[in-house]
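One-letter residues, chain by chain:
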Amino acid sequence: MTHIVIAADSFKGSATSQQVGEYLTNGIYRVDPTAEVTTVPIADGGDGTVASVLAALGGQVLTTTVEGPLGTSVEAQWGLLDDHHTAIIEMAAAAGLNLVQPDLAPLAASTYGVGQLMAAAMAAGATTIYLGLGGSCTTDGGSGLLQALGAQLLTADGTPIPRGGAGLRQLARVNLGTLTPQLADVTVIGLTDVSNVLTGPFGAAAVYGPQKGATPAMVTELDQNLDHYQAALAAQNDFPQSCPGDGAAGGTGFGLRVLGARLQPGTATILKLTHFQDRLAHADLVLTGEGRIDGQSLMGKASIGVVRLAKQLQLPVFLIAGSVGDDLDAIYGTGVDLVLSSTVSPMTVDQAVAQVVPLLTQAGTTAMHAFQLTQR
């Protein structure tokens, strides 16, 4: 009997990680109905992180009403593991780009609701909080998050600075002694695979601001405001003023470090947390994938993390993508044995999304035929 492990990231906008596994499995069974298939949902700290961890370890999905990125209330979901001491939070649930569509607001978007989610997790008994720093619409340096947890970030006249990256320029006084004391007993781990610092040409505003709707003038304003904010907060903390990862999620990485949090690689941490390597013990083939694969996927994408772990165990691994971009030589350089595109004829993105079920089912069939060829 052939043992296959499927560990694919979500195909954004069309299928969750779990669904991708189901569709590929259906295709595999067309070729070999006797195959034993294990589906392991995965993520890199962005969308799907809560579902991935809960599917592997067990737990419950909770919903908390928080302040959204522009001040209106949103219902944000997060996860509490069965041990009742470990929480999994996706930043995007409270401050995601999807919450400001179609009117992006890069100067005003705030992380306040993310801090509220952390507070809810602590109130539920969590002593360890994993916070996935993917998909945010914010560039406020995590200032809203800090305010929600009790920090006083004040203007010259002693009032709280306005929400969002634009408000950072008014920061005149900082009081971190008002942070909720409960944080002292909680381990916070920020999950990110980006290495950007907070400011400058490789900082949060310059690199990611345009994706969040920032014009060149806004990028300049946000970068200057973050620089001012960084100097004010770093003066009160005994840590390096600039570290890789600070620029994650519009500077939320830096804000977390103010709390004493650790920043860890998202993909590697989640694969370790969910004991993914144990799932590979009896595998004959590993299938992974994501919506798009190209040279940029080497920068921490979940599927590449799966490839590398599978190759450490000398397992064959196929990567299936909705679309395949350039620099495939670099992808093959990770050890992947075969890259397959699920879109086998010219079509628009909307058409591919609409046909995701048959396309991924056929991709599973193709992958299984290819594997059987290697066994002859």
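Residues numbered from 1 in each chain as written. Predicted model: local features only at pLDDT ≥ 70, side-chain atom pairs only at ≥ 80, totals over all residues. Heavy atoms only, no water.

In this section: the sheet that holds strand 3 (residues 59-67). The six strands are arranged 3-4-5-6-9-10 in an open sheet whose pairing can be described as mixed. The two strands at the open ends of the sheet, each matched to only one other strand, are strand 3 and strand 10 (262-264). Within this sheet the neighbouring strands show an average axis-to-axis angle of 25°, counted without direction. Looking at chain direction, strand 6 (residues 128-132) and strand 9 (residues 187-191) are connected through five bridges and run parallel. Paired with Thr128 across the bridge in strand 9 is Thr187. Of the strands in this sheet, strand 5 (86-90), strand 6, strand 9 and strand 10 touch helix 9 (residues 266-273), which is tilted by about 125° from strand 9. (Pairing = 2+ DSSP bridges. Helix = DSSP H or I, 4+ residues; strand = E, 2+ residues; numbered from the N terminus. Axes fitted to C-alpha atoms, helices over the stretch in contact; angles between N-to-C directions. Contact = heavy atoms within 4.5 Å.)

The sheet built from five strands is open, its strands ordered 2-1-11-12-13 with parallel pairing. Across the chains shown, the open sheet's two edge strands, defined by having one partner strand only, are strand 2 (36-39) and strand 13 (338-341). Each neighbouring strand pair of the sheet contributes to a mean axis angle of 25°, computed without reference to strand direction. Sheet topology note: the strand 1 (residues 3-8)/strand 11 (residues 285-293) ladder contains five bridges and is parallel. Paired with Ala8 across the two strands is Gly289, which belongs to strand 11. In the packing of helix 1 (residues 17-31) onto the sheet, contacts are made with strand 1, strand 2, strand 11 and strand 12 (317-324), and the angle to strand 1 comes to roughly 145°. Along the sheet face, helix 11 (residues 302-312) touches strand 1, strand 11 and strand 12 and points at about 155° away from the line of strand 11.

A pair can form between side chains of opposite charge whenever their charged atoms are brought close. Counted by the stated rule, this structure contains four salt bridges. Between Arg169 and Glu221 there is a salt bridge whose closest N-O contact spans 2.7 Å. Of this pair, Arg169 sits in the loop between strand 7 (152-154) and strand 8 (173-175) while Glu221 sits in helix 7 (residues 216-234); the two residues are 52 residues apart in sequence, bridging distant segments of the chain. For Lys311, the salt bridge identified is with Asp337, shortest N-O distance 2.9 Å. On the criterion of sequence distance, the pair formed by Lys311 in helix 11 and Asp337 in the loop between helix 12 (328-332) and strand 13 is long-range, its members being 26 residues apart. What makes Asp337 partly exposed here is its relative accessible area of 39%. (Salt bridge = Lys/Arg side-chain N within 4 Å of Asp/Glu carboxyl O. Buried < 20%, exposed > 50% of the residue type's maximum accessible area, 1.4 Å probe, protein only.)

So, about the packing of aromatic side chains. The tally for this structure, following the rule as stated, stands at one aromatic pair. Seen from their ring centres, Tyr229 and Phe254 are 5.7 Å apart, and the 70° between their planes marks the pair as edge-to-face. Linking Tyr229 in helix 7 with Phe254 in helix 8 (residues 248-258), this pair joins segments that are 25 residues apart in sequence. (Phe/Tyr/Trp six-rings, centres within 6.5 Å; stacked < 30°, edge-to-face > 60°.)

Take the packing of helix 1 against helix 14 (residues 356-374) next. Running from N to C, helix 1 and helix 14 cross one another at 50°; their axes reach a closest spacing of 7 Å. By the angle between their directions, the pair helix 1 and helix 14 is classed as oblique. Between helix 1 and helix 14 lies a crossing of right-handed hand. Contacts between helix 1 and helix 14 involve Val20, Tyr23, Leu24, Asn26, Gly27, Ile28, Arg30 and Val31 from the first element and Val356, Val357, Leu360, Thr361, Gln362, Ala363, Gly364, Thr365, Met368, His369 and Gln372 from the second. Per-class residue counts for the contact of helix 1 with helix 14 are ten nonpolar, eight polar and one charged. (Parallel < 35°, antiparallel > 145°, perpendicular 65-115°, else oblique. Left-handed = near helix turned anticlockwise from the far one by under 90°. Nonpolar A, V, L, I, M, F, W, Y, C, P; charged D, E, K, R; others polar.)

Looking now at unusual backbone geometry. The omega torsion of the bond from Gln101 to Pro102 falls at -5°, within 30 degrees of zero and hence cis. At His84, a residue that is not glycine, the phi angle is positive and equals roughly 65°. Secondary-structure assignment places His84 in the loop between strand 4 (73-81) and strand 5. Assessed through its relative accessible area of 41%, His84 is described here as partly exposed. Despite not being glycine, His275 shows a phi value in the positive range, around 55°. Within the element layout of this structure, His275 appears in the loop between helix 9 and helix 10 (276-279). Assessed through its relative accessible area of 46%, His275 is described here as partly exposed.

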